[in-house]
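This is what each chain is made of:
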Amino acid sequence: MPNSKYLIFLGCAIPYRVSAYELSARKVLSKLGVELVEMPEFNCCGLPLDPVSHETMLILAARNIALAEQQGLNILTLCPGCAGTLKKVNKILKEDKALKEQINGHLKESGLEVKGTIEAKHLLQVLKDDVGVDNIKKAVVKPLTMLKVAEHNGCHILRPKEYIGFDDPEDPQTLKTLVEATGATCLDYMDETECCGAPSVGVSDKVALQLARDKLSHVKQVDAQALITICPFCHIMYDTNELRIEKMFQEAYGIPILHYPQLLGLALGMTPEELAFNELRVSTKKLLEQFNEGAK
Amino acid sequence: MAENASTIKDTTKDPIKASELDPKFKYKIMKMHGGEKLLKCFQCGTCTSDCPVARYSDSYRPRTLLHMARLGLKDRVLKSDTLWLCAACFTCTDRCPQGVEVASVIRVLRNLAAEEGIVPQVFKDQCASVLESGYAYKIPDLRLRKREPLGLPPLPKGDPESIKKSLKGVSFMKHVENKGESDAKQ
């Protein structure tokens, strides 16, 4: 098993609302030989503030990069928004010397400086590049052959392509491959790469929930037993809001929404309790019954 | 704000007066990071036809916003109730045949609106929270206390003083600082 070491960057949404994701990701990564070092005094990646002030976003992202450079370690994030922002700003500052100087001017008073020596990666990329799909397959002790699930990548793990670039936004394969490495079948469905709507929450809940509803109905159409996410915001959109959407549109979905490390964790032999299944809003009872039966 | 976008008077349909046009507006946008390629837009409509938000909004149209910006309809575009609906999914950016980086131009327009104080409350709250704690959301104490029993390490503490120092001189901050004070009184 490869041994790689990363600073873990939690961002805001995960500690705020999605601890099941953090918990299951830490357990799975540890089992797969990825060592996580806690990141000191980091701050918001900057993405939420890009709409109001690009400069603020650049400074906040640069602070995190500078803090990681002091530790001499690459960053691993669980949130595609954080990964995308840190990747993008890292690339921009490496290429634009004048901008780097301007941003470093802001950081100087706190004794920080971006030099351009580290990288930021999302969990998915670490699993693909560092751990490798073959090693994941080798680590599987309970293949999930009894499960048929659908995957949802979300936007920021793929777009804008110029800055992310490890998968094709029009036909992404990484998450599918990783889902199938657990032994589960990963189903195709309509509009797989569509946005979940989360960024529009608070500006127009109506538009946001309609987007999420479309996705849930397409996933239901192919009879997926669960939807697999890798983004805290997408997860909140589907899991936390599923009941709200059902009520609003008078439809029943009953689709459990799992964080990818929860699915992988089951295949690696961890229990649903260890993987914080009880933190999920939509009941996973039926799914787990299927799993227990298949595992016998 | 744009929650009721469809019920608010749609000013885009009012006749345009020559006096409304600011011929320099497009150059201002093009000087900003992300807005450089505005003039490459040839109005093909790929952005709007592929936009997930446009599908559910009666009035949010990226192509229209870009055209208004090019014409110099500064007030209309910055005060547009739909400007803040963009989900920043970057589909328009990736598919634009002209490489305009549509989502970035829309972000530039939002930044300019914010400079004039036109900002949905949700963004002011997030910024105030970053200044206070380092995080965009105030993480509830209950969540922090729950980490240990769950077996999670304590959450790293932000360094608000250092963040404030770094953001000194950023013009958007003036809108947030006022908000921060009113928040503290509650």
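Up top you'll find the structure we're talking about.
Caption draft 1: Structural context of the overall build of chain B. When helices and strands are counted, chain B shows 10 helices and zero strands. Beginning at the N terminus, the succession of helices and strands in chain B can be written as α-α-α-α-α-α-α-α-α-α. By residue count, 48% of the 186 residues in chain B fall in the buried class. Taking the contacts inside chain B whose residues are at least 6 apart along the sequence as the reference set, 70% of them involve residues at least 24 apart. In the form shown here, chain B has an accessible surface area of approximately 9300 Å², with 53% of it arising from carbon and sulfur atoms.

Caption draft 2: Highlighting the pattern of salt bridges. Counted under the stated rule, the structure contains 22 salt bridges over all chains. Among the salt bridges present, the one from Glu289(A) reaches Lys285(A), with a minimum N-O distance of 3.9 Å. Highlighted residues: Glu289(A) and Lys285(A), both in helix 13 (residues 285–295), separated by four residues, approximately one helical turn. Glu289(A) gets classed as partly exposed once you look at its relative accessible area, which sits at 42%. The class of Lys285(A) is exposed, set by a relative accessible area of 59%. When salt bridges with common partners are traced through the structure, they connect Arg159(A), Glu170(A), Asp50(B), Asp94(B) and Arg95(B) into a single cluster.

Caption draft 3: Main features of a nonpolar patch on the surface. All names here are of chain B. Together, Ile16, Leu21 and Leu71 line one region of the surface with nonpolar side chains, adding up to about 240 Å² of accessible area. Within the fold, Leu71 resides in helix 3 (residues 62–71). Classification of Leu71 by relative accessible area gives partly exposed; the value is 37%.

Caption draft 4: A look at the packing of helix 9 (residues 205–221) of chain A against helix 11 (residues 242–249) of chain A. Residue and element names in this part refer to chain A. Running from N to C, helix 9 and helix 11 cross one another at 95°; their axes reach a closest spacing of 10 Å. By the angle class used here, helix 9 and helix 11 are roughly perpendicular. In this structure, helix 9 contributes Asp205, Leu209, Gln210, Ala212, Arg213 and Leu216 to the contact, and helix 11 contributes Glu242, Arg244, Ile245, Met248 and Phe249.

Caption draft 5: Local environment of the side chain of Ser57(B). Position of Ser57(B) among the secondary structure elements: in the loop between helix 2 (46–49) and helix 3. Every residue in contact with Ser57(B), bar those within four places of it in the chain, is listed here: Val207(A) and Leu85(B).

What counts as what
- Residues numbered from 1 in each chain as written.
- Chains lettered and ligands numbered in written order.
- Predicted model: local features only at pLDDT ≥ 70, side-chain atom pairs only at ≥ 80, totals over all residues.
- Heavy atoms only, no water.
- Helix = DSSP H or I, 4+ residues; strand = E, 2+ residues; numbered from the N terminus.
- Buried < 20%, exposed > 50% of the residue type's maximum accessible area, 1.4 Å probe, protein only.
- Contact = heavy atoms within 4.5 Å.
- Areas by Shrake-Rupley, 256 points an atom, 1.4 Å probe, with all protein chains shown as cover.
- Salt bridge = Lys/Arg side-chain N within 4 Å of Asp/Glu carboxyl O.
- Patch = residues over 30% accessible without salt bridge, like charges linked within 9 Å, V, L, I, M, F, W, Y side chains within 5 Å.
- Axes fitted to C-alpha atoms, helices over the stretch in contact; angles between N-to-C directions.
- Parallel < 35°, antiparallel > 145°, perpendicular 65-115°, else oblique.

Spatial relationships are all this shows, so hold off on functional conclusions.
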